[in-house]
Amino acid sequence: MRFTFGLVQILDGFKTTNDNVKGKIPQFISNAGFLDVSVSKSINTLIGTFSYFNAVKKLE
């Protein structure tokens, strides 16, 4: 799976995929104003893992 995702990185660009590889997506969601960010489900595929996130929008 890592090899296949490497191909995705080559095609899509390392700049656009590195934050995901480094696990930064939950922090980005938090920075966008959401609370209680968690991964509700992860599915392994041939091109990598798809993760589904749950979060609560902060009321302003």
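Our structure's up above, just so we're on the same page.
**Q** I would appreciate a short explanation of the packing of aromatic side chains in the present structure.
**A** Between two aromatic rings, the relevant description is the distance of the centres plus the angle of the planes. Under the defined criterion, the tally for this structure stands at 0 aromatic pairs. The residue whose ring lies beneath Lys57 is Phe34, and the NZ or CZ to ring-centre distance is 5.0 Å.

**Q** What exactly am I supposed to notice about the pattern of salt bridges here?
**A** Pairing between side chains of opposite charge can happen when their charged atoms approach one another. Summed over the entire model, instances satisfying the criterion amount to 1 salt bridge. Where Lys24 meets Asp19, a salt bridge forms, and the shortest distance between an N and an O atom there is 3.7 Å. By relative accessible area, Lys24 is classed as partly exposed at 35%.

**Q** Hey, could you run me through the environment of Lys57 in this one?
**A** Inspection of the secondary structure assignment puts Lys57 in strand 2 (residues 48–57). A relative accessible area of 42% places Lys57 in the partly exposed class. In this structure the C-alpha to C-alpha distance between Lys57 and Ile29, which are 28 residues apart in sequence, comes to 9.7 Å. If we ignore the near neighbours within four places in the chain, the residues touching Lys57 are Ala32, Gly33 and Phe34. Polar contacts involving the side chain of Lys57 include one to the main-chain carbonyl oxygen of Ala32, which spans 3.2 Å.

**Q** Would you take a moment to explain the pairing of strand 2 for this structure?
**A** Both faces of the sheet carry side chains from a regular strand, because those side chains alternate between them. Where strand 1 (residues 34–45) meets strand 2, 9 bridges bridge the pair, whose relative direction is antiparallel. Bridge pairing in strand 2 places Thr45 opposite Gly48. Adjacent in sequence and paired antiparallel, strand 1 and strand 2 are bridged by 2 residues.

Conventions adopted
- Residues numbered from 1 in each chain as written.
- Predicted model: local features only at pLDDT ≥ 70, side-chain atom pairs only at ≥ 80, totals over all residues.
- Heavy atoms only, no water.
- Phe/Tyr/Trp six-rings, centres within 6.5 Å; stacked < 30°, edge-to-face > 60°.
- Lys NZ or Arg CZ within 6 Å of the ring centre and 35° of its normal.
- Salt bridge = Lys/Arg side-chain N within 4 Å of Asp/Glu carboxyl O.
- Buried < 20%, exposed > 50% of the residue type's maximum accessible area, 1.4 Å probe, protein only.
- Helix = DSSP H or I, 4+ residues; strand = E, 2+ residues; numbered from the N terminus.
- Contact = heavy atoms within 4.5 Å.
- Polar contact = N/O pair within 3.5 Å; in protein donor to acceptor, adjacent residues only side chain to side chain.
- Pairing = 2+ DSSP bridges.

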